[in-house]
Amino acid sequence: MNIQRALSHAQALGLPRLEAQMLLLHSLGQSVHARAWLITHAVDDLSAPQAAAFDALVQRRLRHEPVAYITGHKEFFGLDLQVDARVLDPRPDTEVLVEWALSVLADTPAPRVLDLGTGSGAIALALQSARPDAQVLAVDASAEALAVAAANAQRLGLAVEFYQGSWFSGWQACDTQFDVIVSNPPYVAHNDPHLAALRFEPLSALASGADGLDDLRHITAQALPHLTPSGWLLLEHGFDQAQAVQDLLGNQGFTAVQSRPDLAGILRCSGGQSPKVK
Ligand code: GLN
C-alpha cells in the first residue's frame, strides 16, 4: 500500500484528512507539520510494519483518543506543547480567551496575570510568550497536570510560576491582586452524554456538577478580592452557558459584563471587570 492509498483508507474509515495525515506522519517518525512531504512521497510504498503502525494509530483515533495524545504534541497559540492524558487536550477555541486577555492588558505595563486550572499550561504559557513583561502565575489542583505544565514552561523557556491549589485556595494568593484572571475550568454537566466521547481526557478537567456550572460559580464568587480595581475576570464556558455566566458575574458586582464568540461563532467566553472602587 502506498501513502496516498493509506490516507484514503483512513478517510474511508471516518478520519478527517488532516488527522489521517498527522497520524501517518507521526507513525513514520516525521513532524506532523510535514504535509508537503506526504505530497511529494504520495506514491511511495509503506512497508508492512509501517502500514501496521499507521493502522494502530488510526484505530486509537477511531476510539476517540485525541490526536494530541497519540502524537504527544499540540500547537496552541503558536507554541508547541507536549500533552498527554494527564491534561485536557488544549482546544483552538481557547485561543479566543488568550486574545481577549492580551487586549485588556495592552495598556498595562508589567501586568500580573493568574490562570486558574492551567492543565497543560496552554493559556498561561501563551500569555507569557506574548507578554514577556508579565508576571504570570498558574494554578492547578492536579500535581500531574502541573508536571506537564512545568515541563512545557521549561522546554519553551517561559518563566510562568506554578502553584498547586484549588482555585483560590491552598496557595499564597492572599496578598496579590491581578490585572487579569483567566480560566478554562471544567464546565460540562456530570450526566452530559458528550462526556463519553471525551473519555480519554481527565474527568476532573471536564465535569462540574449537575449543570456544569459548579466551578464557574465558585470562581466568579471568589475572584473580586484577587483583582486590581478595573481588573478583568475572563472565563471559558459551555456553548449554552453565556447567559448563566453573565448572570453570575453581574450578581457578584462585575461591570462591563460581556461575551465573546469562539471560532464557530458560539458565545464561548464571558468576562467582567472589577469595579474601579470596591
Ligand atoms: N471544550 C471542551 C468540550 O466540551 C470542554 C472543556 C472544559 O470543560 N473546560 O469539548
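Now for a quick tour of the structure. (Residues numbered from 1 in each chain as written. Predicted model: local features only at pLDDT ≥ 70, side-chain atom pairs only at ≥ 80, totals over all residues. Heavy atoms only, no water.)

Focus on the overall build of the chain
- Looking only at helices and strands, one finds ten helices and nine strands in the chain.
- Relative to the 2.2 N^0.38 estimate, which gives 19 Å for 278 residues, the radius of gyration of the chain is 20 Å and therefore close to what a compact globule would have.
- Its C-alpha atoms give the chain principal-axis dimensions of about 70 × 40 × 30 Å.
- Within the chain, contacts between residues at least 6 apart in sequence are counted, and of these 64% link residues at least 24 apart. (Helix = DSSP H or I, 4+ residues; strand = E, 2+ residues; numbered from the N terminus. Rg over C-alpha atoms; globule rule 2.2 N^0.38 Å. Contact = heavy atoms within 4.5 Å.)

Focus on unusual backbone geometry
- The phi torsion at Ala 110 lies on the positive side, around 45 degrees, for a residue other than glycine.
- One can find Ala 110 in the loop between helix H6 (95–104) and strand E3 (112–116).
- Although it is not a glycine, Trp 167 sits at a positive phi angle of roughly 50 degrees.
- Structurally, Trp 167 can be placed in the loop between strand E5 (161–164) and strand E6 (178–183).
- The class of Trp 167 is buried, set by a relative accessible area of 12%. (Buried < 20%, exposed > 50% of the residue type's maximum accessible area, 1.4 Å probe, protein only.)

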